Amino acid sequence: MVHLLERGPLADESLRPIMEGGLLLQGELLYRIGEYSDLWQEAETLQATIIELTSDFVALPGFIDVHTHICFAGSRAPDYALRNAGKTYLEIAEAGGGIWDSVQQTRRASPDELTRLTVQRANRHLQNGVTTIEVKSGYGLSVAEELKQLRAIKTADGQTAADLIGTCLAAHTLPHDYDGSPEAYLAEMAQQLLPLLKQENLTNRVDAFIEQGAFSAEQIAPYFAEAQQLGFQLTVHADQFHAFGSRVAVAVGAASADHLEASGEAEIQLLAQSQVVPVALPGASLGLGCAFTPARRLLDAGASLAIASDWNPGSAPMGDLLAQAAILGTFEKLTTAEVLAGLTHRAALALRLTDRGQLAAGLLADFLLFPVADYREILYQQGQLKPAQVWKRGHCVYPSAQKI
Ligand SMILES: [Zn+2]
């Protein structure tokens, strides 16, 4: 596949797949991509190991899930049942369910248990082709418990072949046991937690949930200012139910604005004229039974678009990124190129990663081999077609014993 534009609509003709292609790897990087016959000679000269695939495969860059909450303990199946029985997300949260339930269950988990659960979910994602996974905290909601979560994410990163990228989401919601105002809580997190995250090199990303029942734009402003002062990259849970957050994302120059189900024309135009990457989270729409992110309108306005799973115990328990992306494409009328770019190249942009997301020389050798001849089969099968092989940093990590 060729270099794709970073923003705006993408026609499938722009993909131009290489037929009879090959990949030449050097260490953890892609060295050359081209026609197999051209690469063969170079591979022999370099005395490279040659793996010849005799049946049909489509190679794609490893998927990048830019928004997950997979570091959690417990289940929220009761919430799901209540919601389907007619209770709203906000009603469940106000009744003491929702995020607070996951906070309590996650606080009760030991660091080892939390690491184990995170690795388990990351490996399931990896097997389905997700080679880079952003993982948020936000079920700790105190200095000590947020540290526990972000340390567990870092430890988990060392125990899975996938790359885990931690993000501090201490500004997820005001914890019920906090004795003070939202402003005081955020000030405490900014002063006591954020410097420790830098010291321990746990993350360079800070996220906030800007929403009714979470934090207002005004409350988040000083918190984000302090985070930026410390050098953190920002990202925002924006416009999920009300169009509050995208303006903040644009104003602070966030890497991404995620959700956007409630974005109207004004927000779409604002995002399209900014460098912020909009992130659609179809798993949350499927989990909550609500509208999808206006992906088509964002692209047509000239914005970029990444697609992520939002895998979390409450609103998005499925955690199947490819299935969700395929379904979003169906409802939002996205081309195959737009969906695949949203899982790869444009997803890398949302994390400001320049070393992955495309099959290009010099980038990480993170790629997937799907057992089909036509790349359109991948979305057509709506997540049921899994990669036959997953390669991460130059190694075949699934199946673990490399065999065709
Ligand atoms: Zn989220």
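One structure accompanies this document, and this report is about it. Computed from a prediction, not measured in an experiment: that's the story for all the values here.

All right, on to the sheet that holds strand 11 (residues 306-307) then. In spatial order, the strands read 4-5-6-7-8-9-10-11; together these eight strands make up an open sheet with parallel pairing. In this open sheet, the two edge strands, each paired with only one partner strand, are strand 4 (63-65) and strand 11. Pairing of strand 6 (residues 163-171) with strand 7 (residues 205-209), which is carried by two bridges, proceeds in the parallel orientation. Bridge assignment links C168 to a residue of strand 7, and that residue is V206. Most of the contacts of helix 9 (residues 245-252) go to strand 8 (residues 233-238), to which it runs at about 165°, and overall it touches strand 8 and strand 9 (256-259). Strand contacts of helix 13 (residues 321-332): strand 4, strand 5 (130-136), strand 10 (277-280) and strand 11, with the helix running at about 90° to strand 4, the strand carrying the most contacts.

With that settled, the discussion passes to a negative patch on the surface. Together, E20, E35, D38 and D56 make up a region of like negative charge exposed at the surface. Take E35: it is sitting in strand 2 (residues 29-35).

Taken as a whole and assessed by the stated rule, the structure comprises two cavities of 30 Å³ or more. Space inside the largest cavity adds up to approximately 130 Å³. Lining the largest cavity are 14 residues, with H69, Y89, H172, N312 and S315 sitting closest to its centre. The class makeup of the residues in the lining of the largest cavity is four nonpolar, eight polar and two charged.

The next subject is the packing of aromatic side chains. Within the structure shown, the criterion is met by seven aromatic pairs. Ring plane angle 25° and centroid distance 6.4 Å describe the contact between Y223 and F224, whose orientation is recorded as stacked. Given the relative accessible area of 1%, F224 is considered buried. By the ring-pair criterion, three or more aromatic residues cluster together here, those being Y178, Y185 and F215. Sitting over the ring of F72, R121 keeps its end group 3.5 Å from the ring centre.

Take the coordination of the zinc ion next. Taken together, H67 (NE2), H69 (NE2), H237 (NE2) and D310 (OD) make up the protein donors of the zinc ion, found 2.1 to 2.5 Å from the metal. In this structure, the zinc ion is surrounded by four donor atoms whose angles at the metal cover 82 to 169°, and the resulting shape is irregular. All donors to the zinc ion come from one chain, and their sequence spacing reads H-x1-H-x167-H-x72-D. Linking H237 in strand 8 with D310 in the loop between strand 11 and helix 13, this pair joins segments that are 73 residues apart in sequence. Overall, H237 belongs to the buried group, its relative accessible area being 3%.

Residues Y223 and F224 are the most contacted members of the largest nonpolar core, which totals 98 residues. With seven residues, the top contributor of residues to this core is helix 7 (residues 182-199). For Y223, the contacting residues outside a window of four places in its chain are C168, A170, A171, L186, M189, A190, L194, V206 and D207. One finds I64, A306, A350 and L351 within the second-largest nonpolar core, a separate group that totals 13 residues.

Within strand 5, seven of the seven residues are buried, which leaves it mostly tucked inside the rest of the structure. Judged from the three bridges that link them, strand 4 and strand 5 form a sheet pairing that is parallel. Following the sheet pairing, F63 is matched in strand 5 by V130.

A few words on the layout of surface pockets. In this structure, the largest pocket encloses a volume near 1200 Å³. Surrounding the largest pocket, 41 residues form its lining, G21, G22, L23, Y36 and L53 being those nearest its centre. Of all elements in the fold, only strand 1 (21-26), strand 2, helix 1 (36-45), strand 3 (58-61), strand 12 (367-370) and strand 13 (389-392) reach the threshold of two or more residues within the lining of the largest pocket. If you tally residues by element for the lining of the largest pocket, the top one is strand 1, at six residues. In terms of residue class, the lining of the largest pocket is built from 27 nonpolar, 10 polar and four charged. Roughly 410 Å³ of internal volume is contained in the second largest pocket. If you trace the second largest pocket, you find 20 residues lining it, with L164, I165, G166, L202 and T203 closest to the centre. Secondary structure elements with two or more residues in the lining of the second largest pocket: helix 6 (143-157), strand 6 and helix 7. Tallied by class, residues from the lining of the second largest pocket come to eight nonpolar, five polar and seven charged.

About the criteria used
Residues numbered from 1 in each chain as written. Predicted model: local features only at pLDDT ≥ 70, side-chain atom pairs only at ≥ 80, totals over all residues. Heavy atoms only, no water. Pairing = 2+ DSSP bridges. Helix = DSSP H or I, 4+ residues; strand = E, 2+ residues; numbered from the N terminus. Contact = heavy atoms within 4.5 Å. Axes fitted to C-alpha atoms, helices over the stretch in contact; angles between N-to-C directions. Patch = residues over 30% accessible without salt bridge, like charges linked within 9 Å, V, L, I, M, F, W, Y side chains within 5 Å. Areas by Shrake-Rupley, 256 points an atom, 1.4 Å probe, with all protein chains shown as cover. Salt bridge = Lys/Arg side-chain N within 4 Å of Asp/Glu carboxyl O. Lys, Arg positive; Asp, Glu negative; His and termini not counted. Charge placed at Lys NZ, Arg CZ, Asp CG, Glu CD. 1 Å grid on protein atoms, 1.4 Å probe; cavity = no way out; pocket = protein on both sides within 12 Å on 5 of 7 lines; lining within 4 Å. Points joined across faces, edges and corners; volume = space filled by probe spheres on them. Nonpolar A, V, L, I, M, F, W, Y, C, P; charged D, E, K, R; others polar. Phe/Tyr/Trp six-rings, centres within 6.5 Å; stacked < 30°, edge-to-face > 60°. Buried < 20%, exposed > 50% of the residue type's maximum accessible area, 1.4 Å probe, protein only. Lys NZ or Arg CZ within 6 Å of the ring centre and 35° of its normal. Donors = N, O, S within 2.8 Å, 3.2 Å for Na, K, Ca; no water. Tetrahedral: all angles 85-135°; square planar, octahedral: opposite > 155°, others 65-115°. Core = buried A, V, L, I, M, F, W, Y, C linked by side-chain atoms within 4.5 Å.

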